Amino acid sequence: MHIAVCIKQVPDTKNVRIDPDTHTLVRQGVESIINPFDLFAVEAALKIKDETQATITVLTMGPPQADEALRDALSRGVDDAVLLSDRAFAGSDTWATSTTLAAAVRKMGDVDVVLCGKQAVDGDTAQVGPEMATFLDMPYATFVKKIEVLDGSALKISRQTDEGVEIWKLPTPCLLTVIKEVGEPRLPSLRHKMRAKKATIPVWGVADLGLAPENVGLSGSFTQVVRVFSPPRRTDRVLIQGPIEEQVEQLFRHLKESKVPGL
Amino acid sequence: MKAIVDRQKCTVCGVCTDVCPFGAISLKETFIEISDECTLCGMCVDTCEFGALSLPEVGTGPAEDLASYKGVWVFAEWREGTIHQVSYELLSAGRKLADKRGVKLSAVLLGHRLDQSIQEELVSYGADVVYVVDHPELAHFRDEAYSKAVVELIRQKKPEILLAGATSMGRSFIPRVAALVKTGLTADCTELDISEEGLMLQTRPAFGGNIMATIVCPNRRPQMATVRPKVMRPEKMKDHQGRVERMALPEECFKSRVEVLQVIPEQDQTAKLTEADIIVSGGRGLRKSENFSIIEELAQLIKGAVGASRGAVEEGWIAPSHQVGQTGRTVAPTLYMAVGIAGAIQHVVGMQGSKVIVAVNKDPQAPIFDVATYGVVADLFEFMPAFIRKIKQERGESS
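Residues numbered from 1 in each chain as written. Chains lettered and ligands numbered in written order. Predicted model: local features only at pLDDT ≥ 70, side-chain atom pairs only at ≥ 80, totals over all residues. Heavy atoms only, no water.

Peer 1: Any details on the sheet that holds strand 9 (residues 140–151) of chain A? Residues and values, ideally.
Peer 2: Spatial strand order, 13(A)-7(A)-6(A)-1(A)-8(A)-12(A)-9(A)-10(A)-11(A)-17(B): 10 strands in an open sheet with mixed pairing. Single-partner strands in this sheet number two, and they are strand 13 (203–204) of chain A together with strand 17 (259–265) of chain B. Contacts between helix 2 (residues 67–75) of chain A and the sheet are confined to strand 1 (2–7), strand 6 (55–61) and strand 7 (80–84) of chain A, with strand 7 of chain A contributing the most and set at about 165 degrees to the helix. Along the sheet, helix 3 (residues 94–108) of chain A makes contact with strand 1, strand 6, strand 7, strand 8 (113–117) and strand 13 of chain A, crossing strand 6 of chain A at roughly 150 degrees. (Pairing = 2+ DSSP bridges. Helix = DSSP H or I, 4+ residues; strand = E, 2+ residues; numbered from the N terminus. Contact = heavy atoms within 4.5 Å. Axes fitted to C-alpha atoms, helices over the stretch in contact; angles between N-to-C directions.)

Here it is, written out as structure tokens:
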């Protein structure tokens, strides 16, 4: 079984904050990390590999420094990595990103399962997985929390919805987007770290993927950002201090006045 | 590709160098330079008062006949006999867009054994037309069948806008619809408007809610967006008239490679976070597993769901399905009570859309107080029992 895992390098939102004076993102000290949901996808792939004969290839689209994210994945036990990097990819919306990633999976040829994180924490769209599956004409399941390989040609999965849990059977090749419950990511091992350090990671550009430059990046995108602004701050903040009994009275009164339900 | 500088207009004032979130603009002696770090976010374009900065155009592809697309559609999310509240919210939001455009508002209803009363309900929230597809294969949700059916309807009727709830269903299959009809899609919007030219202005949070972005889809139709539940206000329109159109689609539309083996409704009502109107959440400040009962007691008393920070989940005090935040659920109830939660950004991004936020924490410096409507600086073990007593006492007196 060949598993492709798509990952994205994102700014560590732990450190992302807005400068209160300029109302812009403070960039100093913001490190890049692998999108947390994509680490769950890596873990899900490694779990399948623990139980069956599987090869895992991790891929990402990004600037040359996204190479670090791939090496991080390799150090956790992933077999191979591919970097999709080209100036022509800049400005991609989800459509263009999915087009590019789908072309890479197609080029890899023998992929049985594509795993993605539920969404990336910088964009939060959750669209790239389903769109990729569509371009690859694969069935897919989103918000997957458990994966079971039935035989070589089908998976049984549990997916978490707003209403509960659904259990589905999907034929391979298929695509899954996963959530936290698939398992906490394992840590890099020394052996894999050594291998990751030395690994040669191929870089595929527009030409390698057989894509036309006008179909990727900004020119291959349908959506366009026309305005970016800081969200309005909450101005109605009330701090309640003093003796407990007074705090209780105050909060109760405030909540009554705000007409919140339940009281 | 990067932002474009018009050197004729640029006064080299340097304002843009400070606003670029990616540090991609540098000030040279007589000009500004944009490096490859540019992500085309457009922040600089907005701040340049001389109009010297612009973004390259998005792809046009073969220009579509945009004018042939008319009307606003709302996907009515049907699950096991009921319509998701967000669909009514969207009908009210869609009504405003349709009125501004002077076009019809339609609801798209997919399912099996659909009740007549549902269609009437959709009309009462402003739908002029309800397109109904009733088929056994649509009884359970599956991305393939649902998306093929919607795509077929779009091809036949050509709406200019399609809205769906940013629910687990909408966020799952709507991207497939967008990919199949080859159009742009904006996820999880919190605000919608329409320009005079008919461009839908889709505003959504990004970077975990730290910035807001307004997005358009200039060259393709329909313009598609998923909208966060509980953001728009549902408004019933008394005496509104509409008609129902039952659509027969080719059998091919209902085929799916996915087999639904089992649907298990959530048994734990307190874990239904995304639908809850009230959520009481606990964090590490509770110190041990047994103390989570304080949270559960209040939640039960005020009929709320039980939430938790990642810390509390990692300690094993409560199941992961209760987790609110970046790797858990995003919620926006009317009342969110954060008890013993410090307020790490990963938690805040999952709940900052709540209408009223109450924080109980003994550390006045805790970041949770930055987003709290009412910040109670107190030891939760003293405050919470007293607060619970107060509610019981008020009820005792009033009943």
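Peer 1: So, unusual backbone geometry: which residues are in play, and what are the values?
Peer 2: Residue P173 of chain A is bonded to the preceding T172 of chain A through a cis peptide linkage, with omega at -5 degrees. Its place among the elements puts P173 of chain A in the loop between strand 11 (164–171) and strand 12 (174–178). Following R221 of chain B, the chain continues to P222 of chain B via a peptide bond in cis, the omega torsion being -5 degrees. Positionally, P222 of chain B belongs in the loop between strand 14 (211–216) and strand 15 (223–227). Unusually for a residue other than glycine, K259 of chain A sits at a positive phi of about 55 degrees. Here K259 of chain A is to be found in the segment after helix 6 (244–257). The exposure class assigned to K259 of chain A is exposed, which follows from its relative accessible area of 70%. The residue D239 of chain B is not glycine, and still its phi comes out positive at about 65 degrees. Within the fold, D239 of chain B resides in the loop between strand 15 and strand 16 (243–246). We classify D239 of chain B as exposed; its relative accessible area is 67%. (Buried < 20%, exposed > 50% of the residue type's maximum accessible area, 1.4 Å probe, protein only.)

Peer 1: Please provide a residue-by-residue account of the sheet that holds strand 14 of chain B, values included.
Peer 2: The strand order 14(A)-14(B)-13(B)-12(B) describes an open sheet built from four strands, whose pairing is antiparallel. Each of the sheet's edge strands pairs with one partner strand only, and the pair in question is strand 14 (224–229) of chain A together with strand 12 (191–194) of chain B. Within this sheet the neighbouring strands show an average axis-to-axis angle of 25 degrees, counted without direction. Both strand 14 of chain A and strand 14 of chain B contribute to a ladder of five bridges, which runs antiparallel. Paired with F229 of chain A across the bridge in strand 14 of chain B is M212 of chain B.

Peer 1: Can you tell me about the pattern of salt bridges, naming the residues and giving the values?
Peer 2: When charged atoms on two side chains of opposite charge get close, those side chains can pair. Taken as a whole and assessed by the stated rule, the structure comprises 37 salt bridges over all chains. For D50 of chain A, the salt bridge identified is with R186 of chain A, shortest N-O distance 2.9 Å. Pair noted here: D50 of chain A is in helix 1 (residues 36–51) and R186 of chain A is in the loop between strand 12 and helix 5 (190–198), with a separation of 136 residues, a long-range link. You can call D50 of chain A exposed: its relative accessible area is 53%. Its salt-bridge partner being E245 of chain B, residue R243 of chain B comes within 2.7 Å of it at the nearest N-O pair. Note on E245 of chain B: relative accessible area 21%, which makes it partly exposed. Each of D137 of chain A together with E144, R176 and R257 of chain B takes part in a single network of salt bridges with overlapping partners. (Salt bridge = Lys/Arg side-chain N within 4 Å of Asp/Glu carboxyl O.)

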